[in-house]
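As a plain string of letters, each chain reads:
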Amino acid sequence: MPNNEPVLNFISNKQLIQNYEQIKQKIPSHVTLLAVSKTKPSEMIQALAKHGQRDFGENYVQEALAKIHALQGITAKGKALIWHYIGHIQRNKTRDLAENFDWVHGVDRLIIAQRLNEQRPKNLAKLNICIQVNIDNEDNKSGCQPEELPTLVAKISQFGNLCLRGLMIIPNPTQDSKHAFEKTKQLFDKVKQCHANPTDWDTLSMGMSGDIEQAIDAGSNMVRVGTAIFGARNYA
Ligand SMILES: *Cc1c(COP(=O)(O)O)cnc(C)c1O
């Protein structure tokens, strides 16, 4: 291998669309496909939008804001793109999230929801929220404990500028995720009764490139797919 290869190497547009069509075939129509575009350029997002993809997931706030800005006015099937923040939420970044995204997944404590509610501009639609659960009880993972859910759902569902939609999980990659998916589905059904507006509670966000089918079998209706669409990520 020559050592002067470019650091960033993206797949071709043709490959991108081929990957996308393949993933679409695996996903029934009641399941929303979130294309996880972190570390990938806005040109690739635009190419997918042209093929009808509306929902995009981003993990890094500054990178995401640059892309959201660059793609302003771009539509998919005639409708505005929908931006989901799926990264770790830092307390000092909540204003950026509240002002620029349509969805924030990964809310795991009340203070974050409180800040998002206060900082959501009044001229925008309610900010859609998913609560992250640390379903495999991992030491260094974001997410609330299952026992905290009833109280979080009861409180967050009362915030007027938020719409509490459901749960998201990232299972422990070293374990079989089937158990985590099934456990989360049970929690999802159970805590609905704590919600102030139970009809808003409609989203179970689980499943990534490696386990889409398993997640959907267990009841997921939103899958977050990065690598299988965009190719491997290069963080160099
Ligand atoms: C990066 C990421 C994904 C996508 O993962 P792939 O394995 O590349 O499909 C999904 N969800 C979250 C929260 C992520 O950070």
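Residues numbered from 1 in each chain as written. Predicted model: local features only at pLDDT ≥ 70, side-chain atom pairs only at ≥ 80, totals over all residues. Heavy atoms only, no water.

### Quick notes on the overall build of the protein
In terms of regular secondary structure, the protein is built from nine helices and ten strands. Taking 18 Å as the expected radius of gyration for a compact globule of 236 residues, we find that the protein reaches 18 Å, a close match to that expectation. Overall, the protein is about 55 × 40 × 35 Å in size when its C-alpha atoms are taken along their principal axes. Going through the 236 residues of the protein one by one, you find that 50% of them count as buried. Here the contacts in the protein between residues at least 6 apart in sequence split such that 63% fall between residues at least 24 apart. (Helix = DSSP H or I, 4+ residues; strand = E, 2+ residues; numbered from the N terminus. Rg over C-alpha atoms; globule rule 2.2 N^0.38 Å. Buried < 20%, exposed > 50% of the residue type's maximum accessible area, 1.4 Å probe, protein only. Contact = heavy atoms within 4.5 Å.)

### With respect to the pairing of strand E5 (residues 82-85)
Neither face of E5 is left uncovered, since the one carrying Ile82 and His84 and the one carrying Trp83 and Tyr85 both have all their residues buried. Two strands pair when backbone bridges link them, and strand E2 (residues 55-58) and E5 are joined in this way by four bridges, in the parallel orientation. Bridge assignment links Asp55 to a residue of E5, and that residue is Ile82. Where E5 meets strand E6 (residues 103-107), two bridges bridge the pair, whose relative direction is parallel. Bridge assignment links His84 to a residue of E6, and that residue is Trp103. (Pairing = 2+ DSSP bridges.)

### Things to note about the environment of Tyr85
Looking at the secondary structure, you find Tyr85 in strand E5. Spatially, the C-alpha atom of Tyr85 lies 9.5 Å from that of Asn100, the residues being 15 residues apart in sequence. Among the polar contacts listed, one links the side chain of Tyr85 to the backbone oxygen of Asn59, at a separation of 3.1 Å. (Polar contact = N/O pair within 3.5 Å; in protein donor to acceptor, adjacent residues only side chain to side chain.)

### Digging into the nonpolar core
Among the nonpolar cores identified, the biggest contains 63 residues, and Leu116 and Ile229 are the most heavily contacted of them. Non-local contacts of Leu116, meaning those with residues more than four positions away in its chain, are made with Thr94, Leu97, Ala98, Val104, Val107, Leu127, Ile129 and Leu162. In this structure, Val36, Ile86, Trp103 and Cys130 belong to the second largest nonpolar core, which totals eight residues. (Core = buried A, V, L, I, M, F, W, Y, C linked by side-chain atoms within 4.5 Å.)

### Topic: the site of the ligand
Inspection of the region around the ligand gives 13 residues, with Lys38, Asn59, Ser209, Gly226 and Thr227 positioned closest. Separating an oxygen atom of the ligand from a side-chain N or O atom of Asn59 is a distance of 2.7 Å. In this structure, Thr227 approaches the ligand through a side-chain N or O atom, which is 2.5 Å from an oxygen atom. Notes on the ligand: free accessible area 390 Å², of which the protein chains cover 88%. Among the residues forming the shell around the ligand, the class breakdown is six nonpolar, four polar and three charged. (Near = heavy atom within 4 Å. Areas by Shrake-Rupley, 256 points an atom, 1.4 Å probe, with all protein chains shown as cover. Nonpolar A, V, L, I, M, F, W, Y, C, P; charged D, E, K, R; others polar.)

### Considerations on the UniProt feature "modified residue: N6-(pyridoxal phosphate)lysine" (unreviewed entry) in the protein
Under the UniProt annotation, "modified residue: N6-(pyridoxal phosphate)lysine" (unreviewed entry) lies at Lys38. Within the secondary structure layout, Lys38 lies in the loop between strand E1 (32-36) and helix H2 (42-50). Contacts of Lys38, omitting those with residues within four sequence positions, involve Gly57, Glu58, Asn59, Tyr60, Glu63, Lys67, Arg233 and Tyr235. (UniProt positions renumbered as here; feature names shortened; annotations may be inferred.)

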